[in-house]
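Take a look at the letters that make up each chain.
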Amino acid sequence: MQINKELCVDCGLCMNRCPVSAIRRVEKKVQIDFDECVECGVCLRSGVCPKGAIYQQELTYPRSVRSLMSDVLTIAPESGISGRGTEEMKTNEVTGRFPDGTIGIAVELGRPCYGARLCDAEKIAMAVAAQGVEFEPCNPVTTMMSDPKTGKFKEELLQEKVLSAIVEMTVPYERAEAILRTIYQTAETLDCFLSLDICSKADKAGNLPHREIVEKLGVWCSLNGKTNVGLGRPLYQAE
Ligand code: SF4
Ligand code: SF4
């Protein structure tokens, strides 16, 4: 996103519309930090600018992935839906993807106010790929990998910043605990927040297979609820 300097009157009304604080006042001039902007489109669509000074420049690859992962109106060709994941995300199992004996894991990097660089998504992907996971082919993040077997991302994408990116995978039950431990360890090395979504099909008795594993890791688990565990390093230290 950009601001037309000829039209802008530096009123600052657009500044609090940006979810990643990329619109800043520098020496009394309001400007968009191009490296921090995730191309979510919120500032433009909010209609807040009284001068019509905010405009969308042409988005070419690799910058276009920012919009793909951050703008709720951008449709990802891989998933056919807008947004950063697939319809199975957040404990919704809609296509029967998780057969008995498997667990769905999604690692969501970034949050409003912070965002994430794709190099952090690569760290998670490479760590779990080393344990032999298969990434979800319909998730747009998987197509950003140059090698889905190793989780390596395309080099030109590593510094792109997005509102959030979701690394999504299905794993055999018996390897789930080790993979979740790897995710926890790798989270310590990230420069962003991380949320963990875990999904499995209830057995005939109504038990969730993943519950035992999650509890072993010391995480409280809500039955039929969204488990959204904040991990990673906060950007500030509490006093
Ligand atoms: S497009 Fe989104 S991230 Fe970029 S300046 Fe506007 S609100 Fe901020
Ligand atoms: S709202 Fe429009 S005129 Fe005001 S600072 Fe933002 S871009 Fe400039």
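Residues numbered from 1 in each chain as written. Chains lettered and ligands numbered in written order. Predicted model: local features only at pLDDT ≥ 70, side-chain atom pairs only at ≥ 80, totals over all residues. Heavy atoms only, no water.

Participant: A description of the pairing of strand 2 (residues 23-26) should follow, citing residues and the corresponding values.
Facilitator: Two strands pair when backbone bridges link them, and strand 2 and strand 3 (residues 29-32) are joined in this way by four bridges, in the antiparallel orientation. Within strand 3, the position partnered with Arg-24 by the bridge is Gln-31. If you look at the hairpin formed by strand 2 and strand 3, you'll find two residues sitting between the two strands, and Glu-27 has a positive phi there, around 50°. (Pairing = 2+ DSSP bridges. Helix = DSSP H or I, 4+ residues; strand = E, 2+ residues; numbered from the N terminus.)

Participant: I'd like to hear about the packing of helix 3 (residues 118-129) against helix 5 (residues 173-187), residue by residue, with values.
Facilitator: Look at helix 3 against helix 5: their axes get within 9 Å of each other, and the N-to-C directions meet at 150°. Between helix 3 and helix 5 lies a crossing of right-handed hand. Each of Lys-123, Ile-124, Ala-127 and Val-128 in helix 3 lies in contact with helix 5, whose residues at this interface are Ile-179, Thr-182, Ile-183 and Thr-186. Counted by class, the contact of helix 3 with helix 5 contains five nonpolar, two polar and one charged residues. (Axes fitted to C-alpha atoms, helices over the stretch in contact; angles between N-to-C directions. Left-handed = near helix turned anticlockwise from the far one by under 90°. Contact = heavy atoms within 4.5 Å. Nonpolar A, V, L, I, M, F, W, Y, C, P; charged D, E, K, R; others polar.)

Participant: Please give an account of the site of ligand 2 that cites residues and values.
Facilitator: Every residue close to ligand 2 is listed here: Ile-3, Cys-8, Val-9, Asp-10, Cys-11, Gly-12, Cys-14, Val-30, Cys-49, Pro-50, Ala-53 and Ile-54. Here the shell around ligand 2 is built from residues that sort into 10 nonpolar, one polar and one charged. (Near = heavy atom within 4 Å.)

Participant: Can you tell me about the nonpolar core, naming the residues and giving the values?
Facilitator: Membership of the largest hydrophobic core comes to 42 residues, with the highest contact counts inside it found for Ile-105, Val-107, Met-169 and Ile-183. The element best represented in this core is helix 3, accounting for six residues. Excluding anything up to four places from it in sequence, Ile-105 contacts Val-167, Glu-168, Met-169, Val-171, Ile-179, Leu-180, Ile-183, Leu-196 and Asp-197. In terms of nonpolar packing, the next biggest core, distinct from the first, is built from 18 residues, Ile-23, Ile-32, Cys-43 and Val-48 among them. (Core = buried A, V, L, I, M, F, W, Y, C linked by side-chain atoms within 4.5 Å. Buried < 20%, exposed > 50% of the residue type's maximum accessible area, 1.4 Å probe, protein only.)

Participant: Which residues make up the side chain of Glu-39, and what values do they have?
Facilitator: In this fold, Glu-39 is placed in the loop between strand 3 and helix 1 (42-45). In terms of polar contacts, Glu-39 uses its side chain to reach the backbone amide nitrogen of Met-1, at 2.6 Å. Here Gln-56 takes part through its side chain, which lies 3.1 Å from a polar atom of the side chain of Glu-39. With near-sequence residues (within four places) excluded, Glu-39 lies in contact with Met-1, Phe-34, Gln-56, Gln-57, Leu-59, Arg-63, Arg-66, Ser-67, Ser-70 and Asp-71. (Polar contact = N/O pair within 3.5 Å; in protein donor to acceptor, adjacent residues only side chain to side chain.)

Participant: Help me get a handle on the site of ligand 1, residues and values and all.
Facilitator: The local shell around ligand 1 consists of Met-1, Cys-18, Pro-19, Val-20, Ile-23, Ile-32, Cys-37, Val-38, Glu-39, Cys-40, Gly-41 and Cys-43. Taken together, the residues of the shell around ligand 1 break down into 10 nonpolar, one polar and one charged.

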